[in-house]
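This is what each chain is made of:
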Amino acid sequence: MLKKINILLLLTFFITCKREYTGDFAWRSIDQNQFNYIEKMLISPQEFYTGRKNLYFGTQETIWWIYRFHNKFYLKPKFLVVLYSEIKSPQPVEIDLRIVQPDYQDGFYFIKQYYPPLEPGKYLLKIAAYEDKIPFDQVEFIVLPQEEIRQISGPVYPKKID
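Throughout, residues of each chain are indexed from 1 in the direction in which the sequence is written. In keeping with the model being predicted, local features are shown solely for residues with a pLDDT of at least 70 and side-chain atom pairs are shown and tallied solely at 80 or more, while totals for entire chains, interfaces and linings include all residues. Excluded from the side-chain calculations are hydrogens and water; all other atoms, namely the structure's heavy atoms, are used.

Help me understand the overall build of the chain, please; the structure alone is not making it clear to me.
In this description a helix means any DSSP run of H or I spanning at least four residues, a strand means any run of E spanning at least two, and both kinds are numbered starting from the N terminus. When helices and strands are counted, the chain shows 3 helices and 11 strands. Of the regular secondary structure in the chain, the N- to C-terminal order runs α-β-α-β-β-β-β-β-β-β-β-β-α-β. Counting all 162 residues of the chain, 36% fall into the buried class. Contacts in the chain between residues at least 24 apart in sequence constitute 70% of all its contacts with a sequence separation of at least 6. Accessible area of the chain: about 10700 Å², with a carbon and sulfur share of 56%. Three labels apply to residues, based on accessible area from a 1.4 Å probe with only protein chains included: buried if under 20% of the type maximum, exposed if over 50%, partly exposed otherwise in between. In what follows, a contact means two residues having at least one pair of non-hydrogen atoms within 4.5 Å. Note on areas: Shrake-Rupley, 1.4 Å probe, and residue coverage restricted to the protein chains presented here.

It is not clear to me how the pairing of strand β5 (residues 79-85) should be interpreted in this structure. Could you clarify?
One face of the sheet, then the other: side chains in a regular strand alternate in exactly this way. Across the 7 residues that make up β5, a large majority, 7, are buried. Here β5 shows two buried faces, one formed by Phe79, Val81, Leu83 and Ser85 and the other by Leu80, Val82 and Tyr84. When DSSP finds two or more bridges between two strands, those strands count as paired. Pairing of β5 with strand β6 (residues 93-100), which is carried by 7 bridges, proceeds in the antiparallel orientation. The residue bridging Tyr84 from the neighbouring strand is Glu94, located in β6. The sheet contact formed by β5 and strand β9 (residues 121-129) spans 7 bridges and is antiparallel. Following the sheet pairing, Phe79 is matched in β9 by Ala129.

What is the right way to look at the pairing of strand β1 (residues 23-31) in this model?
As defined by bridge partners, β1 adjoins strand β4 (residues 61-69) across 9 bridges and the pair is classed as antiparallel. Each residue of the ladder has a partner; that of Asp24, found in β4, is Arg68.

Explanation requested: the confidence of the model for the chain in the structure shown.
Regions with low pLDDT should not have their predicted coordinates read in detail. How sure the predictor is of each residue is captured by pLDDT, a score from 0 to 100. With 77% of its residues at a pLDDT of at least 70, the chain reaches an overall mean of 83. In the model of the chain, helix α1 (residues 2-16) stands out as the element of lowest mean pLDDT, 50, in contrast to β5, which has the highest, 97. The model gives residues 8-16 a pLDDT under 50, and that stretch makes 0 contacts with residues more than four places away or in other chains.

Here it is as structure tokens:
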């Protein structure tokens, strides 16, 4: 009887414990206009730059991003990744929804995704645990016409991670 109560208490503990997820965003963009279809499918950047502010990308660039978790996982959870556009709308409009599981490499869990070239405007990327559906992290970025992106001076990416 005592064993059943302990198991029940342990199960209740795991069910009621809510994980707080935290992490860092890292970015990389590649102008793939000159690439053929096979090159576009095979090429994936290896170096990313962490950052949350002053994120600008060009309309011809594929935007790669990583979310590197600070947490260690005992079970591999699922996450919702939602991209919103703030173009021509008073409220953000959902334009992409993905259900993803983190990968593991070099002692870190991370989500690695990309978006093909986007229209000029402001975007909002949110990440939520699949069970909760309440975003625990988000970041904004801006897509500019290619001519304008060339005129930006100074570092767009603050810190490199490998």
